[in-house]
Amino acid sequence: MSQQVTNAYETMLKERVALAKKNVSFISAFNTLLPDIRQLVATYRNQILVLRAIHLDRFDFNQSLRDHMSWAVSQILNQHPSEFEQAILDSLSIGMMNYVLKVGKLPSTDEIERSISHVLKLFA
């Protein structure tokens with residue numbers, strides 16, 4: 001069960017990396033991947049909720065997702081993210097997943113753009 005979810009997640013991340021290497025913006029890439037993201041959430045929502053609650057010595061679904069995200073970020077940046085960057089990205093990706101699983105829908109492009117703008121203002 002977990003392998004199906006991580007394979008689907010990995011496939012989307014590979015597509016995101018390919019789009020980034022073509023200099024496609026985050027918002028454009030998000031819009032391109034939106035049907036796949038919706039399908040992933042619709043197909044695996046309940047399984048993801050269960051898998052995220054399981055923490056075994058040899059298996060941690062959340063860590064598996066973070067590892068995949070770390071790989072994608074290193075491909076996009078052409079270097080491994082710093083520990084600080086990785087901490088931020090972990091929080092962002094897990095937080096966004098929590099939001100989608102709780103609300104049951106993806107944020108709109110406008111919501112994402114507004115949120116990115118607000119986050120940048122916090123660090124300006």
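Above this text sits the structure in question.
As the structure is a prediction and not an experimental result, all values here were calculated from the model.

Asks: Outline unusual backbone geometry, listing residues and values.
Replies: Phi at Asn23 takes a positive value of approximately 65°, unusual for a residue other than glycine. Relative to the assigned elements, Asn23 resides in the loop between helix H1 (2-21) and helix H2 (26-53). Even without being glycine, Asn78 reaches a positive phi, approximately 60°. Looking at the secondary structure, you find Asn78 in the loop between helix H3 (61-77) and helix H4 (83-103).

Asks: Explain the side chain of Ser93 to me, and be specific about the residues and the numbers.
Replies: Looking at the element boundaries, Ser93 is found in helix H4. Classification of Ser93 by relative accessible area gives buried; the value is 17%. Among the polar contacts made by the side chain of Ser93, one reaches the main-chain carbonyl oxygen of Asp90 at a distance of 3.2 Å.

Reading the values: rules and limits
Residues numbered from 1 in each chain as written. Predicted model: local features only at pLDDT ≥ 70, side-chain atom pairs only at ≥ 80, totals over all residues. Heavy atoms only, no water. Helix = DSSP H or I, 4+ residues; strand = E, 2+ residues; numbered from the N terminus. Buried < 20%, exposed > 50% of the residue type's maximum accessible area, 1.4 Å probe, protein only. Polar contact = N/O pair within 3.5 Å; in protein donor to acceptor, adjacent residues only side chain to side chain.

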